[in-house]
Amino acid sequence: MRFAMKTRRLAVSAAAICATATSLLAVTAPSASASTIKNQWVQLCAQGDYPAVLQFPNRGGMESTAVNPGQCNWWNWQSNNTWEPINVIDIYSHKTVGTVWYNGNVSGVGIGAIGWDNGWQSIQTW
């Protein structure tokens, strides 16, 4: 009888710990969400130490105007009704820093060009 009581208490304690841990995870876990940028809009922020441009290879290599370090710019680029790549280019090295897929019918996109010229470079999106 004693063994059964101890086993039951242990099981109840373990269940309480699992429930607490699960609720903490639910509170702290980030949720996936769509971009806050409106459909048909593209934003570029040059967050690194180099100016950057956006290039649309599927549109004949069309490019945005340059965005200087610490600055952001917006463009209203209509969708061509399909997913297409947007390349982020470091103006100094002409290197493609990263590529984002865009369909203006689905959402807009915000892009940050981060890192250092001649060093580590990447992009982030929102």
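Worth saying up front: this structure is predicted, and the values here are computed from it rather than measured. Residue numbers here run from 1 along each chain, matching the order of that chain's written sequence. The predicted nature of this model means local features are confined to residues of pLDDT at least 70 and side-chain atom pairs, given and counted, to a pLDDT of 80 or more, with totals for whole chains, interfaces and linings taken over all residues. Note: side-chain values were computed over all heavy atoms of the structure, leaving out hydrogens and water.

## Quick notes on the sheet that holds strand β3 (residues 62–63)
Here's step 1: A strand pair is defined by DSSP finding two or more bridges across the two strands. For the purposes of this entry, the term helix denotes a DSSP run of H or I that reaches at least four residues, the term strand denotes a run of E that reaches at least two, and both are numbered from the N terminus. The antiparallel open sheet is built from four strands, whose spatial order is β3-β2-β5-β6. Edge strands, defined here as strands with exactly one partner in the open sheet, are β3 and β6 (96–102).
Here's step 2: Two strands pair when backbone bridges link them, and strand β2 (residues 52–56) and strand β5 (residues 84–90) are joined in this way by four bridges, in the antiparallel orientation. Residue pairing for β5: Val53 is matched across the bridge by Ile89.

## Looking at the pattern of salt bridges
Here's step 1: For this analysis, a salt bridge means a side-chain nitrogen from Lys or Arg found within 4 Å of a carboxyl oxygen belonging to Asp or Glu. Enumeration over the complete set of coordinates arrives at one salt bridge.
Here's step 2: A salt bridge links Glu84 to Arg59; its shortest N-O distance comes to 2.7 Å. Of this pair, Glu84 sits in strand β5 while Arg59 sits in the loop between β2 and β3, and the two are 25 residues apart along the sequence.
Here's step 3: Buried residues are those whose accessible area, probed at 1.4 Å on protein chains only, stays under 20% of the maximum for their type, while exposed residues exceed 50% and partly exposed ones sit between those limits. Given the relative accessible area of 0%, Glu84 is considered buried.
Here's step 4: You can call Arg59 partly exposed: its relative accessible area is 24%.

## Thoughts on the pairing of strand β8 (residues 121–125)
Here's step 1: When strand β7 (residues 109–115) meets β8, the two strands line up antiparallel, connected through five bridges. Across the sheet, the residue bridging to Ala113 is Ile123, located in β8.
Here's step 2: Taking the residues between adjacent antiparallel strands as the criterion, β7 and β8 are bridged by five residues, where Asn118 takes a positive phi near 60°.

## Structural notes on the sheet that holds β7
Here's step 1: Strand order in the open sheet formed by four strands is β4-β1-β7-β8, with mixed pairing between adjacent strands. The two strands at the open ends of the sheet, each matched to only one other strand, are β4 (72–76) and β8. Mean inter-strand twist for the sheet, computed between neighbouring axes without regard to direction, equals 20°.
Here's step 2: Strand direction decides the pairing type here: strand β1 (residues 41–46) and β7, joined by five bridges, are parallel. Paired with Val42 across the bridge in β7 is Val109. Axes, fitted as lines to C-alpha atoms, cover a helix only where it is in contact. Angles between the N-to-C directions of the axes lie from 0 to 180 degrees.

## Quick notes on the environment of Leu44
Here's step 1: By secondary structure assignment, the location of Leu44 is in strand β1.
Here's step 2: What makes Leu44 buried here is its relative accessible area of 0%.
Here's step 3: Along the backbone, Leu44 and Leu54 are ten residues apart, and their C-alpha atoms lie at a distance of 7.6 Å.
Here's step 4: Should any heavy atoms of two residues lie within 4.5 Å, those residues are considered in contact. Discounting chain neighbours no more than four positions away, the residues touching Leu44 are Ala52, Val53, Leu54, Val67, Gln71, Cys72, Asn73, Trp75, Val88, Ile111 and Ala113.

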